[in-house]
Amino acid sequence: SGLFPVVFNLARRAKITANATCGERGPEQYCRLVEHVKRQYGETAGLQCSVCAEGNHPIENAIDGTRSWWQSPSIAQGFKYHSVTVTLDLQQASKAISV
Ligand SMILES: *[C@@H]1O[C@H](CO)[C@@H](O)[C@H](O)[C@H]1NC(C)=O
């Protein structure tokens, strides 16, 4: 209250889409760098790899309020995945973001 408005999840009722998601064309490996390990042991240390399959990391995960996440395809699958568009339809106002 006071100076601070109530915090609410604007995206709770939103419709979200992405034009590419990891695993949608078959199982796919992805890797991520674990920041603290990278800092200590160098660029290739601390690589955490996993495989995503269809439905593992859908874009809906991005706004479901849990710790689940959306996973984009790796650019190892093609340079076209350098640009993926995520669209968030807020029903009233719309905003498109690129990642
Ligand atoms: C997704 O859509 C955007 C906008 O049309 C386009 O620039 C981008 O290349 C698309 N990405 C893929 C992987 O199709």
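Residues numbered from 1 in each chain as written. Predicted model: local features only at pLDDT ≥ 70, side-chain atom pairs only at ≥ 80, totals over all residues. Heavy atoms only, no water.

J.: Just to check I follow, could you spell out the pairing of strand β4 (residues 85–89) for this structure?
T.: Successive side chains on a regular strand alternate, one facing one side of the sheet and the next facing the other. Residues of β4 alternate between two faces, with V86 and L88 buried on one and T85, T87 and D89 left unburied on the opposite face. In this sheet, β4 lies alongside strand β1 (residues 15–18) in antiparallel orientation, the contact comprising four bridges. Directly across from I16, in β4, lies its bridge partner L88. (Buried < 20%, exposed > 50% of the residue type's maximum accessible area, 1.4 Å probe, protein only. Helix = DSSP H or I, 4+ residues; strand = E, 2+ residues; numbered from the N terminus. Pairing = 2+ DSSP bridges.)

J.: What is the right way to read the state of the cysteines from this model?
T.: Disulfide: a covalent bond formed between the sulfur atoms of two cysteine residues. For the structure on display, the rule yields two disulfides. One disulfide in the model links C22 with C52; its S-S distance is 1.7 Å. Judged by the sign of its S-S torsion, about -50°, the bond between C22 and C52 is left-handed. Within this pair, whereas C22 is found in the loop between β1 and β2 (28–33), its partner C52 is found in strand β3 (residues 47–52), the two being separated by 30 residues in sequence. Exposure remark for C22: the relative accessible area of 1% places this residue in the buried category. Look at C52 and you get buried, because its relative accessible area is 0%. The disulfide bridge from C31 ends at C49, spanning 2.0 Å between sulfur atoms. In this structure the cystine formed by C31 and C49 twists about its S-S bond by roughly 105°; its chirality is therefore right-handed. (Disulfide = S-S within 2.5 Å.)

J.: Would you take a moment to explain the site of the ligand for this structure?
T.: Around the ligand sit N19, A20, K80, Y81, S83 and T85, and those are all the residues in its vicinity. Within the side chain of N19, an N or O atom sits 2.2 Å from an oxygen atom of the ligand. Contact between the ligand and S83: a nitrogen atom at 2.8 Å from a main-chain N or O atom of the residue. In isolation the ligand exposes 360 Å². Once the protein is present, 50% of that is buried. Partitioning the shell around the ligand into residue classes produces two nonpolar, three polar and one charged. (Near = heavy atom within 4 Å. Polar contact = N/O pair within 3.5 Å; in protein donor to acceptor, adjacent residues only side chain to side chain. Areas by Shrake-Rupley, 256 points an atom, 1.4 Å probe, with all protein chains shown as cover. Nonpolar A, V, L, I, M, F, W, Y, C, P; charged D, E, K, R; others polar.)

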